[in-house]
Amino acid sequence: MLKQHTRQAGLFGDWQQLNASAVGNAADLEHLEGTRIRLESVLTRLQDVLKQQAALAASKQEMSKLVKDLFAEGQRHATVLRKGIAVHYGPRAEKLTEFKLQPYRGRTRKAKPPEPELPEGPKPPEPTVS
C-alpha cells in the first residue's frame, strides 16, 4: 500500500509539473492544448477525490474508536446485568441457563488415587506352638 501511495504521489507531482511546463510553453504546444486541458481537469478532480479520501480516512478512524468504546461500555453493562441476574435468581437457580449463565452445582471432588500397594517381601516365620 505504501509503495502504491508513493507511486501515486509521484505521478501526481509529475503530472502537475508537466501541466505547468505545458502552460508555460503554450505557444509552442498549441496542437496539444486539448490534451493539456483534459490532464488539468483530471488533476483537479483527482485533488478533490484525494481530499475526500483523507477526510473519509479520518472519519473511519473516529468511527473505529467509537466502535471500540461502545464495545467496552457494552461489556461493562452486560457484566453488571449478568451479576444482577445471578443475585436475583440465586447462584444455584437453573433459570440462569436461560441467560447463558452457569448455575453453581457444587464442586465435584476428584476421586483419591488408590494408595500404592507395598511390594511383598519375605514373610516372617510364623510362631510355632509346642
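Visitor: For this particular structure, what's the right way to read helix 2 (residues 33-89)?
Guide: In this model helix 2 runs 82 Å from its N-terminal to its C-terminal C-alpha over 57 residues, within 8% of the 84 Å that 1.5 Å per residue would give. Listed as buried for helix 2 are Arg36, Leu43 and Ile85. Phi turns positive, to about 95°, at glycine 90, one or two residues after helix 2.

Visitor: When you look at a nonpolar patch on the surface in this model, what are you seeing that I'm missing?
Guide: Judged by side-chain polarity, Met63, Leu66 and Leu70 come together as a nonpolar surface patch covering roughly 280 Å² of accessible area. When you line up the elements, leucine 70 lands in helix 2.

Visitor: Please clarify how the pattern of salt bridges should be interpreted in this entry.
Guide: Think of it this way: side chains of opposite charge can pair up when their charged atoms draw near. Taken as a whole and assessed by the stated rule, the structure comprises five salt bridges. Where arginine 36 meets glutamate 33, a salt bridge forms, and the shortest distance between an N and an O atom there is 2.7 Å. Taken together, the residues span about one helical turn, with arginine 36 and glutamate 33 both in helix 2 at a distance of three residues. What makes arginine 36 buried here is its relative accessible area of 12%. Across the pair lysine 65 and aspartate 69 runs a salt bridge whose closest N-O atoms are separated by 3.1 Å. Residue lysine 65 and its partner aspartate 69 are located together in helix 2, separated by four residues, close to a single helical turn. According to the relative accessible area criterion, lysine 65 is exposed, its value standing at 54%.

Visitor: I keep staring at the side chain of asparagine 19 and nothing clicks. Help me out?
Guide: Here asparagine 19 shows up in helix 1 (residues 2-24). Once residues lying within four places of it in the same chain are set aside, the contact partners of asparagine 19 are Arg36, Leu39, Glu40 and Leu43.

Visitor: I would appreciate a short explanation of unusual backbone geometry in the present structure.
Guide: What is expected of a backbone is that most residues other than glycine have negative phi and most peptide bonds are trans. Non-glycine residue lysine 100 carries a positive phi angle of around 60°. Considering the arrangement of structural elements, one finds lysine 100 in the segment after helix 2. Its relative accessible area of 77% is what places lysine 100 among the exposed residues.

Quick notes on the rules
Residues numbered from 1 in each chain as written. Predicted model: local features only at pLDDT ≥ 70, side-chain atom pairs only at ≥ 80, totals over all residues. Heavy atoms only, no water. Helix = DSSP H or I, 4+ residues; strand = E, 2+ residues; numbered from the N terminus. Expected span 1.5 Å × (residues − 1). Buried < 20%, exposed > 50% of the residue type's maximum accessible area, 1.4 Å probe, protein only. Patch = residues over 30% accessible without salt bridge, like charges linked within 9 Å, V, L, I, M, F, W, Y side chains within 5 Å. Areas by Shrake-Rupley, 256 points an atom, 1.4 Å probe, with all protein chains shown as cover. Salt bridge = Lys/Arg side-chain N within 4 Å of Asp/Glu carboxyl O. Contact = heavy atoms within 4.5 Å.

Honestly, that's just the spatial picture; any functional story needs more than this.
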